[in-house]
Amino acid sequence: LVPLLAIAALCAACNPFAHKAAPQYPKDPRFAEFTYETDDELNVQERVDSFNERIPGLGATAGHVLVAHFRDGADWQPTPDRQFWLTGVAQVPDTTITMLVDDSVGASSLLPGIHPLLYEYVPEECAFTTVDPAVANKVLGTDPEAIYSDWGSFEIREFAFSAQCNLIIVTGDGLNA
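Let us look at the structure shown here.

Analysis parameters
Residues numbered from 1 in each chain as written. Predicted model: local features only at pLDDT ≥ 70, side-chain atom pairs only at ≥ 80, totals over all residues. Heavy atoms only, no water. Helix = DSSP H or I, 4+ residues; strand = E, 2+ residues; numbered from the N terminus. Polar contact = N/O pair within 3.5 Å; in protein donor to acceptor, adjacent residues only side chain to side chain. Contact = heavy atoms within 4.5 Å. Salt bridge = Lys/Arg side-chain N within 4 Å of Asp/Glu carboxyl O. Buried < 20%, exposed > 50% of the residue type's maximum accessible area, 1.4 Å probe, protein only.

Comments concerning the side chain of T87
Item 1. With respect to the secondary-structure elements, T87 resides in strand β3 (residues 82-91).
Item 2. Here the side chain of T87 touches T171 through a polar contact of 3.1 Å, side chain to side chain.
Item 3. Residue contacts for T87: discarding those within four places in its chain leaves F34, H64, V65, L66, G113, I114, H115, L118, V170 and T171.

Some thoughts on the pattern of salt bridges
Item 1. Applying the stated criterion across every chain yields a total of 4 salt bridges.
Item 2. One salt bridge connects D28 with R30, and the closest N-O pair in it is separated by 2.8 Å.
Item 3. By relative accessible area, which is 17% here, D28 ends up buried.
Item 4. The salt bridge involving R157 is made with D173; its shortest N-O contact spans 3.0 Å. Pair noted here: R157 is in strand β6 (residues 155-162) and D173 is in strand β7 (residues 167-176), with a separation of 16 residues, a long-range link.
Item 5. Residue classification places R157 among the partly exposed residues on the basis of a relative accessible area of 38%.

Quick look at the structure:
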């Protein structure tokens, strides 16, 4: 019986069809749930072009971003256009904050749902204000129709800023042709 149990345990460990456990990410009650999924490998990147090319009025001077493709069945059916999501935290100048202050919704009870790998870039002492996504898209000049541009289209889905810390938190998605 013991040899059979040992063989069963070894086979289970080598089974390519076995369910893989989801990665364990940090938890932070300040944030809404992050709902986007991907099969891509996730790497936090320190860059501003990902923000400024997709959100022209942002003027990010530093930032941390995750960009990944949605799960779309591309393994079994090719798709000509790839839908992606972006989530990030960026440092912005006072001029960006000023553009957003008049159109803010108010203090945030929950911050936008960003990927848990980005939590560490949002200082706990920063107070945030929510901006309606439609307003943020208009004020910051996103283009949901620009699928043929180098960076693809982009539309903000969740947005908040901290005037105190000159930070923004954004989650959105777009399409690359």
